[in-house]
Amino acid sequence: MPFNYELNETVDEMRTLLKQHISETGITQKQLARELDVSDTVLSLFLADSYTGDNKKVAEKVRQYLHIGAVRRTLTPDPNYCENLLNTRKITECLQMAHASNEILLLYGPAGCGKTTALKHYAETNNGVTYIEADATTGTPRAILLTLLESIGGQPIGSTTQVMKSILNILRGTNRLIIIDEAQHLTERSFDTIRAINDKIGIGLVYSGNPGILKQMYGRREQEFDQLYSRIGLHCELVNKYSLEDIRSIFSGLDVSEDCIKYLKKVAQNKGGLRLMIKQYKNAANIAAAFGQSLTVEHLEEAARRMSIGGQRFGIS
C-alpha cells in the first residue's frame, strides 16, 4: 500500500513520540486535546506519565493521530497563490478601488474562477479588511449582522438594532473594507441591511458570489432594485477562461509537464474551473507519487475517473 505509516509502539514510546510532535510543531496542548478527543486534564496526565485511567486507549488515539498526520504530510499541497491570472488581477484591482473609495463592489462569476482564493488573499495581506462568508444559515439580516459583528471583535448579543449600532460604532471612521463572499445566500432584506452600513458610515463593501447573485437582485421589485443598484459603484464579472501561460504560472516550480499543462488548461475551462482543476491535479499527483512515477496525462485521467467526473480525455495538441 502507498501510505504505510502504521505505528505499533508501546504506551511509553507513543508518549515520547507525542512529546516530540509537540516540540516540532508547536501545537498547544489545548488544540492537541481537541484533536485527540480527550480532555486537557487527561492529556496533561498522560504526558506526565501520571494518568491512572486507560493509558492504552489514549496511546491508541495518539497512534491514530500521528498516523493520519504522517499520511497527510505525504499528500500533494495546493499550488502556490498566483497573482498573475487575469481573474486575480481583475479582482485585486477592483478590491483596491472599493477599498480606497469606500464604494460598493458587486463581484460575480462561475464556481472555480478564483473568487474566494483572491478575496481571502487580499484580506490576509491588506490592513483594514474583513472577510466573511455567507451560507444558508447566515442569509437573514440578523444572522449576517451577527457574523459581521463577531468577525470585527464585537460581542454578538442584543437586538438586531443593537447589533447594528455596535457594528457602526466599531467601524465608524476606520475606512475598512467588508467582503461578503457567497453573497447569493443573502435575502433581499439582508442586501439592504448590509448596504445601510455603507450609507451610514461610508465603509467599502463587496458582495461576491456566483451569477445567481444577479438573479437575487433582479428578482427584486423594480423600485427596490433600483435603490440598491444605484448604490453599486463597481462591477466585476469573471469567467473561466485561461491561457496556457496562466496554467503554467499556477504550476510554476512544480514537476508538471507541458502535456499535463495543456490537459489541465482544458479542465479549468469547464464546469468547476480552477477549483476542480486543482483537485484533479492533486489527486493525480498523489496517484503518481504512490507508484513512484512522474505525473502524466494518464494519471490525470485516472484521477478524473476516481472523482466521477467522466474521465475526460482532452486532446493535448
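Refer to the structure printed above.
From a predicted model like this one, the values you see are computed outputs, not experimental measurements.

**Q** Mind laying out helix H3 (residues 40-47), listing which residues take part and the relevant values?
**A** For H3, the full list of buried residues reads Val42, Leu43, Phe46 and Leu47. Burial along H3 is one-sided: seen end-on, the buried residues are contained in an arc of 125 degrees. Of the surrounding secondary structure, the elements contacted by the buried residues of H3 are helix H1 (11-25), helix H2 (29-36) and helix H4 (55-74). Two residues or fewer past H3, aspartate 49 is found with a positive phi of approximately 55 degrees.

**Q** Which residues make up the packing of aromatic side chains, and what are the values?
**A** Applying the stated criterion across every chain yields a total of two aromatic pairs. Summarising the aromatic geometry, the rings of phenylalanine 191 and tyrosine 207 are spaced 5.0 Å apart at their centres and angled 70 degrees between planes, so their arrangement reads as edge-to-face. Of this pair, phenylalanine 191 sits in helix H9 (residues 188-201) while tyrosine 207 is found in strand S4 (residues 204-209), placing the two residues 16 residues apart along the sequence. Across this residue pair, the class does not change: phenylalanine 191 and tyrosine 207 are buried.

**Q** How would you explain helix H5 (residues 86-101) if you had to name every residue and give the values?
**A** If you check H5, its first and last C-alpha atoms are 23 Å apart, about what 16 residues at 1.5 Å a residue would give, namely 22 Å. Every buried residue of H5 is accounted for by Asn87, Thr88, Ile91, Cys94, Leu95, Ala98 and His99. Relative to the axis of H5, the buried residues are bounded by an arc of 135 degrees and lie together on one face. Exposed residues lying more than 90 degrees from the buried face of H5 are Glu93 and Ala100.

**Q** Give a description of unusual backbone geometry that names residues and reports values.
**A** Of note, aspartate 49 is a non-glycine position whose phi angle comes to about 55 degrees, a positive value. Judged by its relative accessible area of 53%, aspartate 49 is exposed. The backbone phi angle of asparagine 102 is positive, close to 55 degrees, even though this residue is not glycine. With respect to the helices and strands, asparagine 102 occurs in the loop between H5 and strand S1 (104-108).

**Q** Can you explain the sheet that holds S1? Please cite residues and give values.
**A** With parallel pairing, the five strands of this open sheet are ordered in space as S2-S3-S4-S1-S5. Bordering the open sheet on either side are strand S2 (129-133) and strand S5 (232-237), each of which pairs with just one other strand. Neighbouring strand axes in the sheet, compared pairwise and without regard to direction, differ in orientation by 15 degrees on average. In terms of strand pairing, S1 meets S4 through five bridges, oriented parallel. Within S4, the position partnered with tyrosine 108 by the bridge is glycine 209. Running over the sheet, helix H7 (residues 141-151) touches S2 and strand S3 (177-181) and is turned about 140 degrees from S2.

**Q** Can you explain the side chain of serine 208? Please cite residues and give values.
**A** Position of serine 208 among the secondary structure elements: in strand S4. On the basis of relative accessible area, serine 208 is assigned to the buried category, the value being 0%. A polar contact of 3.3 Å, which involves the side chain of serine 208, links it to the side chain of aspartate 181. Every residue in contact with serine 208, bar those within four places of it in the chain, is listed here: Leu107, Lys115, Leu119, Ile180, Asp181, Glu182, Ala183, Gln184 and Ile213.

What counts, and at which threshold
Residues numbered from 1 in each chain as written. Predicted model: local features only at pLDDT ≥ 70, side-chain atom pairs only at ≥ 80, totals over all residues. Heavy atoms only, no water. Buried < 20%, exposed > 50% of the residue type's maximum accessible area, 1.4 Å probe, protein only. Helix = DSSP H or I, 4+ residues; strand = E, 2+ residues; numbered from the N terminus. Arc of directions from axis to C-beta. Contact = heavy atoms within 4.5 Å. Phe/Tyr/Trp six-rings, centres within 6.5 Å; stacked < 30°, edge-to-face > 60°. Expected span 1.5 Å × (residues − 1). Pairing = 2+ DSSP bridges. Axes fitted to C-alpha atoms, helices over the stretch in contact; angles between N-to-C directions. Polar contact = N/O pair within 3.5 Å; in protein donor to acceptor, adjacent residues only side chain to side chain.

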